[in-house]
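# Architecture at a glance
One-letter residues, chain by chain:
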Amino acid sequence: NMEREFIAERQKGLQAYLDVITTHHILSNCELVKKFLDPNSYSVNYTEIALQHVSMFFRSEPKWEVVEPLKDIGWRIRKKYFLMKIKNQPKERLMLSWADLGPDKYLSDKDLQYAVKLLSSCSHPYIYKITFATANESSALVIRPFSEKGTLKDLIYKAKPKDPFLKKYCNPKKIQGLELQQIKTYGRQILEVLKFLHEKGFPYGHLHSANVMLDGDTCKLLDLENSLLGLPSFYRSYFSQFRKINTLEGVDVHCFGHLLYEMTYGRPPDTIPVDSFPPAPSVFVVSVLESILTCEAMKNGMPTVSRLLQMPRKNLFIPTKLKEALKTSKECTEKRLTEEQKLIHQHRRLTRAQSHHGSEEEKKKRKILARKKSKRSAYESGEEHSAKYSNSNNSGNYSEKSLLLHGYVNVFVVGVVFWLKRSRVTISLHINIGLPKPSTTAMGI
């Protein structure tokens, strides 16, 4: 059916369908959606690339063995997961994650390799243990223990850890938040580990419920390497719209607001900022959410990480030289975020201006102004023409009078000359023949 009305109606329907998909946070990050909208940028097979890098790694580390690939268990397109085991410990299950470097990678290759390897020495009760970690000039590889219980997000959505990300979290069968005691315990533990990382000058920026591993009643952060590799945050499309969230500390607090909302209500917020909150198990929880996710919070900036217990100070030793490199990397990441927020702000202003000037009301106003201007120009042009015409008439009359007066003067002069000549001839004649001179009275004088 190629009728114009049918095609126009179908275009509107398809656009509405795409709007729903692209505004859904999980679907918009899906590889299938990105390939459909931009096939040229997402034509690479990242699973094959990951297998090549992992195979190269196993050449120098033969004690590891791949059990099976864990397909699509994460949301990142360029990060792949494999179930692993150690050959002499076949019962112990490990998980290998491989990822290429992202746009916020500002560490030198040497500092990056050093920092990634340092992660395996980190000992903190709320950071998930890393068995092995290494990086090169293009990617990084990290091995951790595999947990059958899964992450905090798996607990909230009642999901199985090995299932694909879309299947687990995109359309949950049952939406139910956690119990108040769980919210308090997990929330406090997460804030404590964030405070620890901030004090160490170690940027995170990747907090969300799928990056929090559960070990009994204890929360442990995953993927600390993401910020070192320069990978984009799960919630970047949210906080990049608000210019007051321009530090990684502020990003962590904003992400904590998303996580706390998800723990409380069993699902992420529909929109950001949040205008009103549904009933919650505690007024205190709502007050914390209001200080992070409301419109007023976005305008005033994020609160600092607070209400923390005293934390151990010597669990992670970072050398001074690496600390300076991490500080520089953090500043560069924040600078790029600020530039991106500025571009978004400028684009919004341009879009509003275009929408305003393209409205029917503005078009009518411009037409009315154009008519008035045209009439005013025509009126002024007419007055100018009349003035010129009047001036030309006046100058013509003056010329005619001048010519007429000049003619009268000439006639008078000619008459006088003629009279004088005639008078001389008469006088001369009377003198020659001896007659008396004619009197002046006789000559009319």
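As the structure is a prediction and not an experimental result, all values here were calculated from the model.

Tallying each qualifying case throughout the model produces 10 aromatic pairs. Their ring planes at 50° and their centres at 6.3 Å tell us that Trp 64 and Phe 132 sit as a pair that is tilted. Within this pair, whereas Trp 64 is found in strand β1 (residues 64-70), its partner Phe 132 is found in strand β4 (residues 132-135), the two being separated by 68 residues in sequence. Residue Phe 132 is classed as partly exposed on the basis of its relative accessible area of 21%.

As a further point, take the pairing of strand β3 (residues 89-100). Two strands pair when backbone bridges link them, and strand β2 (residues 79-86) and β3 are joined in this way by seven bridges, in the antiparallel orientation. Bridge pairing in β3 places Lys 79 opposite Ala 99. The hairpin formed by β2 and β3 contains two residues between the paired strands. As defined by bridge partners, β3 adjoins strand β5 (residues 139-145) across seven bridges and the pair is classed as antiparallel.

A word on the packing of helix α11 (residues 248-265) against helix α14 (residues 320-357). In the contact formed by α11 and α14, the axes pass within 10 Å of each other and the chain directions differ by 70°. In terms of orientation, α11 and α14 fall into the roughly perpendicular class. On the side of α11, the interface is formed by Leu 248, Glu 249 and Val 251, while α14 contributes Lys 330, Thr 333, Glu 334 and Leu 337. Across the contact of α11 with α14, the residue classes tally to three nonpolar, one polar and three charged.

As a further point, take the side chain of Ser 147. The topology assignment puts Ser 147 in the loop between β5 and α6 (152-157). There is a polar contact of 3.4 Å between the side chain of Ser 147 and the backbone nitrogen of Lys 149. Those residues within four positions of Ser 147 in sequence are excluded, and the remaining contacts are Tyr 128, Pro 161, Met 213 and Leu 214.

Now for unusual backbone geometry. Along the chain, Ile 272 connects to Pro 273 via a cis peptide bond; the corresponding omega equals 0°. Structurally, Pro 273 is set in the loop between α11 and α12 (283-293). Although it is not a glycine, Asp 72 adopts a positive phi angle of roughly 55°. Mapped onto the elements, Asp 72 comes out in the loop between β1 and β2. Since its relative accessible area comes to 48%, Asp 72 is described here as partly exposed. Backbone geometry places Lys 158, a non-glycine residue, at a positive phi of 55°. Residue placement: Lys 158 occurs in the loop between α6 and α7 (165-169). Under the relative-accessibility criterion, Lys 158 is labelled exposed at 59%.

Moving on, we get to the nonpolar core. Generally speaking, nonpolar side chains in soluble globular proteins are found buried as a group. Leu 152, Leu 207, Leu 221, Leu 228 and Met 263 are the most contacted members of the largest nonpolar core, which totals 77 residues. Considering every element that reaches this core, the biggest residue donor is α11, with nine residues. When near neighbours in sequence (up to four residues on either side) are disregarded, Leu 152 contacts Leu 178, Tyr 186, Ser 209, Val 212, Leu 214, Leu 259 and Met 263. Counting residues in hydrophobic clusters, the runner-up holds 13 residues, among them Phe 58, Phe 82, Leu 94 and Leu 96.

Moving on to the side chain of Lys 220. One can find Lys 220 in strand β7 (residues 218-221). A polar contact is formed between the side chain of Lys 220 and the side chain of Asp 215, at a distance of 3.3 Å. If we skip the residues at most four places from it in the chain, Lys 220 touches Pro 125, Tyr 126, Ile 127, Tyr 128, Asn 211, Val 212, Met 213 and Asp 215.

Rules behind the numbers
- Residues numbered from 1 in each chain as written.
- Predicted model: local features only at pLDDT ≥ 70, side-chain atom pairs only at ≥ 80, totals over all residues.
- Heavy atoms only, no water.
- Phe/Tyr/Trp six-rings, centres within 6.5 Å; stacked < 30°, edge-to-face > 60°.
- Helix = DSSP H or I, 4+ residues; strand = E, 2+ residues; numbered from the N terminus.
- Buried < 20%, exposed > 50% of the residue type's maximum accessible area, 1.4 Å probe, protein only.
- Pairing = 2+ DSSP bridges.
- Axes fitted to C-alpha atoms, helices over the stretch in contact; angles between N-to-C directions.
- Parallel < 35°, antiparallel > 145°, perpendicular 65-115°, else oblique.
- Contact = heavy atoms within 4.5 Å.
- Nonpolar A, V, L, I, M, F, W, Y, C, P; charged D, E, K, R; others polar.
- Polar contact = N/O pair within 3.5 Å; in protein donor to acceptor, adjacent residues only side chain to side chain.
- Core = buried A, V, L, I, M, F, W, Y, C linked by side-chain atoms within 4.5 Å.

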